[in-house]
Amino acid sequence: APDRPEPLLELAFLAYRAGKLEEALTQVDAVLAAGSAGARALRLRADALGKLDRQTEAAVAIETWKNAPPDGDAGAFAFGMGHVYLRNNRYDMACEWMARAIANEPRNAGYYNIRGDVLMKAGNYMEAFRDKGYTLRYDPGKDIDLFNHCVETKVTQPLLAQLAAS
């Protein structure tokens, strides 16, 4: 096994992407034990634990990651945090972190798009609609089929049913 943290972290990411979550955890824990790990390693650990449905450990890993200095820019770090909370169905925290990402990059269509997805899952359709509008404003070619389906099933169809019943 490589003795430098960077190759170990790359091995952990490869294992994670291949669905070998326990192997990914073993590799990322080795990186963390080396003492030079940053936010990427902590995020990977939180993601893997969440996917393994080890929610208590994932929550601790998220808090650890949240308090770690970012590896790169603050917007990307906040986006990553939002994504981890989204994967763990913590929509309130996911929205909070996505708001931080947007504050760092207010014209980033991807950030608005993901926050729109979070808001839809939380049932806040009007706010989701607003964010999807920003997504299209900043990236007119962005694919928002999931949003269109949500509008059709959660807004349009119920309204048509109400009109037909009255």
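Residues numbered from 1 in each chain as written. Predicted model: local features only at pLDDT ≥ 70, side-chain atom pairs only at ≥ 80, totals over all residues. Heavy atoms only, no water.

This part takes up the packing of aromatic side chains. Counted according to the given criterion, the structure contains four aromatic pairs. Both rings, one in Tyr112 and one in Tyr134, keep their centres 4.9 Å apart while their planes meet at 35 degrees; by these two values the pair is tilted. Note that Tyr112 is positioned in helix 7 (residues 109–121) and Tyr134 in helix 8 (residues 125–138), a separation of 22 residues in sequence. Between Tyr134 and Tyr138 the ring centres are 6.3 Å apart and the planes differ by 10 degrees, which places this aromatic pair in the stacked class. Linking Tyr134 with Tyr138, this pair stays in helix 8, spanning four residues, or about one helical turn. With a relative accessible area of 26%, Tyr134 lands in the partly exposed category. Tyr138 sits in the partly exposed class, given a relative accessible area of 24%. The structure contains a cluster of three or more aromatic residues connected by ring pairs, namely Tyr112, Tyr134 and Tyr138. Seen from the ring of Trp97, Arg100 lies directly overhead, with NZ or CZ sitting 4.0 Å from the centre. (Phe/Tyr/Trp six-rings, centres within 6.5 Å; stacked < 30°, edge-to-face > 60°. Helix = DSSP H or I, 4+ residues; strand = E, 2+ residues; numbered from the N terminus. Buried < 20%, exposed > 50% of the residue type's maximum accessible area, 1.4 Å probe, protein only. Lys NZ or Arg CZ within 6 Å of the ring centre and 35° of its normal.)

Moving on, we come to the packing of helix 3 (residues 39–51) against helix 4 (residues 55–66). At a minimum axis separation of 8 Å, helix 3 and helix 4 run at an interaxial angle of 160 degrees. It follows that helix 3 is roughly antiparallel to helix 4 by the angle criterion. Crossing of helix 3 over helix 4 shows left-handed handedness. Residues Ala39, Leu42, Arg43, Arg45, Ala46, Leu49 and Gly50 of helix 3 lie in contact with helix 4, whose contacting residues are Gln55, Glu57, Ala58, Ala61, Ile62, Thr64 and Trp65. Tallied by class, residues from the contact of helix 3 with helix 4 come to eight nonpolar, three polar and three charged. (Axes fitted to C-alpha atoms, helices over the stretch in contact; angles between N-to-C directions. Parallel < 35°, antiparallel > 145°, perpendicular 65-115°, else oblique. Left-handed = near helix turned anticlockwise from the far one by under 90°. Contact = heavy atoms within 4.5 Å. Nonpolar A, V, L, I, M, F, W, Y, C, P; charged D, E, K, R; others polar.)

Keep in mind these numbers describe shape, not what the thing actually does.
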